[in-house]
Amino acid sequence: MKIVPLGNDGIAQTCKVLQKGGVVVFPSDTVYGLLCDASNIEAVILLQKIKNRPAGKPISVFVADIAMMKRIVRVHTSQEKILNNILPGPYTVVLPSKQVLCRLLESEKGTLGIRIPSYQPITQLIHTFNHPVTATSANTSGHSPFYSATSFLKSLSQKKRELIDLVVDGGDLPKNKPSTVLDFSASHVKMLRRGDVSFKDAYTVNTSSEDETKKVAEKLLQEALQKQGEKPVVFVLKGEMGVGKTIFAKGIGKMLGIGSVISPTYVIYYEYTTNHPFITTFIHCDFFNIEEENEFEHLKLQSYFKKGTVLCFEWGEKAGALLFDLQKKAHVVVVSFTHKGLDKRELQIESYFS
Amino acid sequence: MIILSIDTSCDETAVSLTNGRRVIANSIYSQILIHKKWGGVVPSLAKRAHEERIDAVINETIKKAHFDSRNPFNSIDFISVTQGPGLAIALEVGIQKAKELSIMHNKKLIAVNHLEGHIYSSFVENSGGNPVRDFSFPYLALIVSGGHTTLLIFKDHLTYTIIGETIDDASGEALDKGGKLLGLGYPAGPIIEQLSREVGNKEYYTFPRPMLKSKDLQFSFSGLKTSLLYFLKARKQDENVMQLKQIASSYQEAVFDTIIQKTKKAIKQTGINKLVVGGGVIANKRLRNLLRALVKEDKGSVLFPPYPYLTGDNAAMIGIAAHYKAEKNMFVENPDDLDRIPRMSL
């Protein structure tokens, strides 16, 4: 067993070991992982041995991008939009396997867990190796994962240590939780494990035109509709004037088949009925004109908090107590807009789903 | 034919009594507040609390008309109400009340589109029958307000074809929000008008004219608002404060030039050079002058609402539109079925 520091050389050596069918301990965005070539059945059996992993329990794989993902699992077009939105990120997405990798990695249902981490060394490694590798955490089954290479090695018996060809030491990793597992193989997305982002996941999207902002809105709505279940979907739009909140709402409207969305600033909110199969009502609010919180009493927005309704709150930060109420009753997506130049905007997206 | 009309499409609780085109009595809640005619009304009351004040505004209007106080509805023929567009929960209060009065007093009910009201606002007469304005169809109608910016052909009574409207912000909203960016509070339309006048309504800086290059008659103002934001951000704050009037004037000119150029295009496309204009923004004298100058080019004419209260939201204009609906027997068949249409179109 060899220990090398993380770096270009470490990545090059890892590739060599993987090609030969060896197992490598490698840092990731979450915990230290055990890597082997995902197509090499002998390597996978070796991995299972090190992990004390009973056969039949699935093992996730790292891929470089959505294109590589599509070579090994079936991705529906609608799912691809969502995946583009959340990946790279701390997620393991579960999808139906195309059975091109080692079948031992699959679940009993024939699904495969895939990760595209937001972690440069892994991305670089997979790009160099140009093939999926296993993404299981470096711990024996049923035990906690490790955040440092040395503490993991200490936990192993001498016999097992000899089964590992290479350790790439990235030092102590930040104590991020394991990835959140999202099962896309069912008709509705299910959350199998809650990682760090379980209750709230946040990420940033940059747009450089009104059309792009509208497209983000469409994607987020699509994603929310898959998760919403029995709850209404609320988009809370934050950010200063002229930052694109109404544009975003127009994107939501477009997705619901409403082409006539205009600014509701003057009237506070407009109610639209839609021809969408699951969503009957779109409520487009703008709280810019609200001066006191007691004005909300007269708006009676709570009556819209029901299944089949999509709401957009411009100047949502003013909603105060209403938002608190919402977290329990709705699937809430908070989009915070920032100016980044004349047409450029940064959208920070936080999704709350329980 | 005496009609009691209610408009609760947005902030104002408005009630009127009209006879033909003449206004017998007209009440708008915010005006009543200033007069403080009855106790118990707290000025800080939420703007949209229509439910709490609708009865008081109706009673006030009836009182102003000097109808028999015991049986005022003996003097009233029909009830009319704004069905949309507007805030759902606000529209609902007026509609509910109108239905209730219609059923209780066995009066026929007339549903009016708020935009129709703005179109007819130039034809409202005071109780003495002034001003005298005869209809001479067709008109090109322009509505410029906080919530709407719409161009339409007003072909005959109650016959309209929309030929252009805003795809994002309304022109009044563009002015109000521009003022907010300039630090003038909200709504800032009237302050912008004043500041611009002080520096001669000139264009000191050039802001983009949204949608002017497009061949259609659609309006868009959100990009203009954003360009003002970037203009202000790119300069020192002191400079912006020093040049406040010049910036306000330049911005107002950009908003109005867009309205003028689109209207000019509409005149050309339709061949109609008689304009009627309604909505809160037409209270602005600069815009009136620009429109007068525009129709002069084509030897056309332009009509504005004859009294200031008719530019903003009010029920008098609803009563006049309702009058023409009553003449054509356009009543609500079953008052119980009448429902609000928040995004009602013409």
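The shown structure was predicted, so the numbers you read here are calculated from the model rather than taken from an experiment.

Undergrad: Let's hear about the overall build of chain B: which residues, and what values?
TA: Scanning chain B from N- to C-terminus turns up 11 helices and 10 strands. Relative to the compact-globule value of 20 Å for 346 residues, chain B shows a C-alpha radius of gyration of 21 Å, a close match. Based on the C-alpha atoms only, the size of chain B along its principal axes is roughly 65 × 50 × 35 Å. Expressed as a percentage of its 346 residues, the buried residues of chain B come to 51%. Partitioning the contacts of chain B with sequence separation of at least 6, the portion at a separation of at least 24 is 75%.

Undergrad: Outline the sheet that holds strand β2 (residues 24-26) of chain A, listing residues and values.
TA: Residue and element names in this part refer to chain A. Spatially, β1-β9-β2-β3-β8 is the arrangement adopted by the 5 strands of the open sheet, whose pairing is mixed. With partners counted over all chains shown, the strands left at the sheet margins are β1 (2-5) and β8 (136-137), one partner each. The sheet contact formed by β2 and strand β3 (residues 33-35) spans 3 bridges and is antiparallel. Across the sheet, residue Val 25 finds its bridge partner in β3, namely Leu 34.

Undergrad: Residues and numbers for the pairing of strand β15 (residues 281-286) of chain A, please.
TA: Residues and elements named next belong to chain A. Most of β15 is tucked away: 5 of the 6 residues are buried. Bridge count between strand β14 (residues 269-273) and β15: 5 bridges; the pairing is antiparallel. By the bridge assignment, Glu 271 is partnered in β15 with Ile 283. In this structure, β15 lies alongside strand β16 (residues 309-314), joined through 6 bridges in parallel fashion. Note on β16: the bridge partner recorded for Asp 286 is Glu 314.

Undergrad: Any details on the domain arrangement of chain A? Residues and values, ideally.
TA: All names here are of chain A. Domain boundaries in chain A define domain 1 (2-182) and domain 2 (199-352). Using C-alpha coordinates to define each centre, domain 1 is positioned 37 Å away from domain 2. With 6 residues of domain 1 at the contact, the number on the domain 2 side is 5 residues. When grouped by side-chain class, the residues that make up the side of domain 1 that touches domain 2 number 2 nonpolar, 3 polar and 1 charged.

Parameters and conventions
Residues numbered from 1 in each chain as written. Chains lettered and ligands numbered in written order. Predicted model: local features only at pLDDT ≥ 70, side-chain atom pairs only at ≥ 80, totals over all residues. Helix = DSSP H or I, 4+ residues; strand = E, 2+ residues; numbered from the N terminus. Rg over C-alpha atoms; globule rule 2.2 N^0.38 Å. Buried ≥ 20, exposed ≤ 12 C-beta atoms within 10 Å, placed from the backbone. Contact = placed C-beta atoms within 7 Å. Pairing = 2+ DSSP bridges. Domains from an automatic or database assignment. Nonpolar A, V, L, I, M, F, W, Y, C, P; charged D, E, K, R; others polar.

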